[in-house]
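# Reading the structure
Here is how the chains run, residue by residue.
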Amino acid sequence: MTQHGGKLDSPPSSWPIAQQNPGFAGDTGEFPNLSADDVRGISYVGIRPEDGGHPSVAGSMPYQVPPKQPEGPIFAGVYEERLQKVLSRYPDRQAALLPALHLAHELRGHLSPETMDEVAERLQLPPAYVRGVASFYTMYNLGPVGKYLVQVCTNISCNLCGGDAVLESFLEHTGTEMGMVSEDGRFTVIEAECLGACGFPTVVQINERFYENIRPEEVPAVLDSLR
Amino acid sequence: MAYPYRHPSEVLVLSKYFGDPEARTLKGWEALGGYAPLRKALGMSPAEIVNEVKASGLRGRGGAGFPTGVKWSFMPQKSDKPHYLLCNADESEPGTFKDRELIRWTPHALVEGCLIGAYAIRAEHAYIYIRGEFFEPAQILARAIEEAYAAGYAGKNVMGSGIDLDITLHIGAGAYICGEETGLMNSLEGRRGEPRIKPPFPAISGAFGKPSAINNVETLIAAAHIVQNGADWYKQWGTEKSTGTKLFCVSGHVKRPGNYEVPLGFNFREFIYDVCGGTASGRPVKSVIPGGSSVPMLTADELDIGMDYEAMAAAGTMLGCGSVIVMDDTTNIVKQVRRMVDFYAHESCGQCTPCREGTAWAAKILRRIENGRGTQEDLDTLLSISDNMSGKTICVLSDAAAAPIVSSIEKFRGDYLEMMHAGAGVPVAAAIAL
Ligand SMILES: Cc1cc2nc3c(=O)[nH]c(=O)nc-3n(C[C@H](O)[C@H](O)[C@H](O)COP(=O)(O)O)c2cc1C
Ligand code: SF4
Ligand code: FES
């Protein structure tokens, strides 16, 4: 369902609740004529080029799991091109560290110690320094996660509207424990801090996409749509 | 038309085109008068722009409310060092979701705001630091930046003016503290997002050790409107010291959640009951947080105030970033405070002992109270921890964490005591496990 060619996917039309619940693109409230694509800007963005496009935005595609080339070289082909563009935008090499880690993460699905060392070598930074930085940020997974990383916001605005129950429901329907990979390798469910979409509770981020206004009873349909 | 609900009391400046997919595109934006402000700005001197913004009274919309024109005037007038404009699009304060709407509906407004801001402080490069979770808004913004470059609004010799203005989109990687201005600078430089001790202030030594100004998304977009229409036009709204309009993000137990744009000084009670339709359940309001989780809570009796920086301060709270969280009378205040403190404990960067230890211990004590094993002494301990956390650290995350604790104990002490009573029967062994 999630494509990794640089395209934002839209929900399939067979999605039963997409019609009933505009929340898949946010509560469209008094704008019922807006489609999910309109709200999410899909037709505007189109397909982003693999080489990152213009250098000003070449670091803008931190795709989450699943990995594209778990064993492949990080800095080769279009990815090396993307790194070169990123490097051209900052006064020093170190500033490219976060984008470079995003790039490595996108390719390999998580940052293993070896991957971090490769990034360190490429940017000529001490390996321990790179690990120290990578471990500071929550979006870099330091170990493997499921094909779909489900992050449920349980912070205050979502919590007031039932975020805890949505989290429970995801855990129940994926049959996993918090932070673990499900047996079939498909899901990892974790609790997230505020995702910055508090008016559309409960907010759930699955890989790079936000699902909004999710109620506990809608969880099975959301999961089905990912299969 | 603010999104997703609208109200006749709104004044639409920043949010006028929310819900209009056409406004997102370069063509659509130009047809609506887009990039005229940039053209006008390039015909002015940087000092003229700074003076106009200063005269408008615009105050930073990222939380602290510092006057934008004054901040810009701190930037060195003459210097051979490069300067940088940093746009803070890290938006992670619980309850806040305005920058996301601004970016996804009107990305060109932000591109234009950054270009004008950069020119005003004599910077040749603007970095937009957007939180990594905002993948979709970032894709929209990336597209808009590419369009701006292709149309000659960004890059070398902008619109034939001889001025170079670059703009780079920088994606964060998940950390609330990178929204703090110096934490953001460290993160941009490829470090852990740990706030820096000030001074030196960013205007002297900011990103990459160079003079930098940092502004919120909403601030920069408002500045573009001021350049286009003038300071007096902007001052027609708001109060004497809190001028203009502002986006308010409304969430929680509210009938019509979303973003609303009203003039500063708007009556808070009217805002909640009329504009937002009151509570979703129709039940009484118990508490409202007016400016995001980092500001003190108000009770339902304290809502007859203006939505401006001064009136909020007089009421013992802050306007913050305008994130209104409404709680009805079914709310378990202790649980919600604990949840907020858990957040700060998770997001503390760990450099300062009062913050690192204080947030963690306060969260543990609150959890114990929530589980029915609290004592009255715990409240004193919480207040003492909060006191140690306030005004003693590198950044104000620590103070922010103390705000909900102190205000809730002051205003909802009864709720705490009730929970202690409720838990009286829990066996001691279970209590230790908590
Ligand atoms: C812990 C912490 C988090 C912050 N997060 C943000 C944020 O996400 N976005 C933002 O614009 N400002 C945030 N701020 C405020 C910034 O430090 C800074 O004051 C602001 O970006 C300045 O822009 P303004 O003058 O336009 O408001 C945060 C401050 C603190 C202490
Ligand atoms: S107050 Fe907290 S978040 Fe801020 S610098 Fe100190 S430890 Fe870090
Ligand atoms: S509280 Fe859930 S998105 Fe902000």
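The structure we're discussing is the one just above.
A quick note: this is a predicted structure, and the numbers were derived from the prediction, not measured.

### Some points on the overall build of chain B
- If you tally the helices and strands in chain B, you get 18 helices and 9 strands.
- At 22 Å, chain B has a C-alpha radius of gyration in line with the 22 Å of a compact globule built from 434 residues.
- In terms of overall dimensions, chain B has a C-alpha envelope of 75 × 45 × 35 Å along the principal axes.
- A buried classification covers 64% of the 434 residues belonging to chain B.
- Considering only intrachain contacts with a sequence separation of at least 6, the fraction spanning at least 24 residues in chain B is 71%.
- Split by element, the accessible area of chain B, about 14500 Å² in all, is 53% carbon and sulfur.
- Positive and negative side-chain charges of chain B, numbering 43 and 49 respectively, have mean locations separated by a distance of 2 Å.

### What to know about the pairing of strand E4 (residues 212–216) of chain B
All names here are of chain B.
- The buried fraction of E4 is high, at 5 of 5 residues.
- Because side chains alternate across E4, one face comprises the buried residues Ser212, Ile214 and Asn216, and the other comprises Ala213 and Asn215, equally buried.
- Sheet topology places strand E1 (residues 84–89) next to E4; 5 bridges connect them, and they run parallel. Across the sheet, Leu86 pairs through a bridge with Ile214, a residue of E4.

### Structural notes on the sheet that holds strand E3 (residues 166–171) of chain B
Residue and element names in this part refer to chain B.
- What the 4 strands build is an open sheet, ordered E3-E2-E1-E4; its pairing is parallel. Since the sheet does not close on itself, it has two edges, and those belong to E3 and E4, each with one partner. Averaged over all pairs of adjacent strands, the angle between strand axes in this sheet comes to 20°, irrespective of strand direction.
- The pairing of strand E2 (residues 125–130) with E3 spans 6 bridges and is classified as parallel. Across the sheet, the residue bridging to Ala126 is Ile167, located in E3.

### What about the sheet that holds strand E3 (residues 204–206) of chain A?
All names here are of chain A.
- One open sheet accounts for 4 strands, arranged E2-E1-E3-E4; its pairing is mixed. A single partner strand is all that each edge strand has here, and the edge strands are strand E2 (187–192) and strand E4 (209–211). Within the sheet, the average angular offset between the axes of one strand and its neighbour, ignoring direction, is 25°.
- By the bridge criterion, 3 bridges tie strand E1 (residues 148–153) to E3 in an arrangement that is antiparallel. By the bridge assignment, Val152 is partnered in E3 with Val204.
- Its contacts with the sheet put helix H9 (residues 163–174) on E1, E2 and E3, and the angle it makes with E2 is roughly 165°.

### What to know about the nonpolar core
- Counting residues in each nonpolar core, the largest one holds 87 residues, and the members touching the most others are Ile49(B), Trp72(B) and Ile128(B).
- With 9 residues, helix H6 (residues 107–120) of chain B is the single largest residue contributor to this core.
- Setting aside its immediate chain neighbours within four residues, Trp72(B) contacts Ile49(B), Val50(B), Val53(B), Gly117(B), Ala120(B), Ile121(B), Ala213(B), Asn215(B), Leu220(B) and Ala223(B).
- Leu83(A), Leu86(B), Met340(B) and Cys355(B) belong to the second-largest nonpolar core, a separate cluster that totals 81 residues.

### Looking at helix H13 (residues 333–347) of chain B
Residue and element names in this part refer to chain B.
- Across its 15 residues, H13 extends 21 Å between first and last C-alpha, which sits within 8% of the 21 Å expected from 1.5 Å per residue.
- Among the 15 residues of H13, 13 are classified as buried, and the element is accordingly described as predominantly covered.
- Of the residues flanking the start of H13, the one acting as N-cap is Asn332, its side-chain oxygen 3.2 Å from the backbone nitrogen of Val334.

### So, the site of ligand 1
Residue and element names in this part refer to chain B.
- Close to ligand 1 lie 18 residues; Gly62, Lys71, Asn88, Asn216 and Thr219 are nearest.
- Within the backbone of Arg61, one N or O atom sits 3.3 Å away from an oxygen atom of ligand 1.
- Asn216 is positioned such that a nitrogen or oxygen atom in its side chain is 2.6 Å from an oxygen atom of ligand 1.
- Notes on ligand 1: free accessible area 610 Å², of which the protein chains cover 90%.

### Concerning the interface of chain A and chain B
- Taken residue by residue, the interface counts 67 residues in chain A and 84 residues in chain B.
- With both chains or domains summed, chain A and chain B bury close to 6100 Å², and 57% of this area falls on carbon and sulfur atoms.
- It is Tyr44(A), Phe136(A) and Leu160(A) in chain A that bury the most area against chain B; as a group they hold 13% of the surface buried on that side.
- For the pair chain A and chain B, the number of links is 9 salt bridges.
- Here Arg256(B) ties to Glu30(A) by a salt bridge, and the two come within 2.9 Å at their closest N and O atoms.
- Here the residues of the side of chain A that touches chain B sort into 33 nonpolar, 21 polar and 13 charged.

### Some remarks on the packing of helix H14 (residues 353–370) of chain B against helix H15 (residues 376–389) of chain B
All names here are of chain B.
- Axis separation between H14 and H15 bottoms out at 10 Å; the angle between their running directions is 160°. Accordingly, the angle class assigned to the pair H14 and H15 is roughly antiparallel. The handedness of the crossing between H14 and H15 comes out as left-handed. In contact with Pro354, Gly358, Thr359, Trp361, Ala362, Ile365, Leu366, Arg368 and Ile369 of H14, H15 contributes Asp378, Leu379, Thr381, Leu382, Ile385, Asn388 and Met389.

### Some remarks on the packing of aromatic side chains
Residues and elements named next belong to chain B.
- Summed over all chains, the structure comprises 23 aromatic pairs over all chains.
- Both rings, one in Trp233 and one in Tyr234, keep their centres 6.3 Å apart while their planes meet at 40°; by these two values the pair is tilted.
- Taking relative accessible area as the criterion, Trp233 reaches 23% and is therefore assigned partly exposed.
- The aromatic ring of Phe134 is capped on one face by Arg131, whose charged end is 5.4 Å from the ring centroid.
- Sitting above the plane of the Phe248 ring, Lys246 keeps its charged end 5.7 Å from the centroid.

Cut-offs and rules
Residues numbered from 1 in each chain as written. Chains lettered and ligands numbered in written order. Predicted model: local features only at pLDDT ≥ 70, side-chain atom pairs only at ≥ 80, totals over all residues. Heavy atoms only, no water. Helix = DSSP H or I, 4+ residues; strand = E, 2+ residues; numbered from the N terminus. Rg over C-alpha atoms; globule rule 2.2 N^0.38 Å. Buried < 20%, exposed > 50% of the residue type's maximum accessible area, 1.4 Å probe, protein only. Contact = heavy atoms within 4.5 Å. Areas by Shrake-Rupley, 256 points an atom, 1.4 Å probe, with all protein chains shown as cover. Lys, Arg positive; Asp, Glu negative; His and termini not counted. Charge placed at Lys NZ, Arg CZ, Asp CG, Glu CD. Pairing = 2+ DSSP bridges. Axes fitted to C-alpha atoms, helices over the stretch in contact; angles between N-to-C directions. Core = buried A, V, L, I, M, F, W, Y, C linked by side-chain atoms within 4.5 Å. Expected span 1.5 Å × (residues − 1). Polar contact = N/O pair within 3.5 Å; in protein donor to acceptor, adjacent residues only side chain to side chain. Near = heavy atom within 4 Å. Buried area = accessible area lost by both parts, 1.4 Å probe. Salt bridge = Lys/Arg side-chain N within 4 Å of Asp/Glu carboxyl O. Nonpolar A, V, L, I, M, F, W, Y, C, P; charged D, E, K, R; others polar. Parallel < 35°, antiparallel > 145°, perpendicular 65-115°, else oblique. Left-handed = near helix turned anticlockwise from the far one by under 90°. Phe/Tyr/Trp six-rings, centres within 6.5 Å; stacked < 30°, edge-to-face > 60°. Lys NZ or Arg CZ within 6 Å of the ring centre and 35° of its normal.

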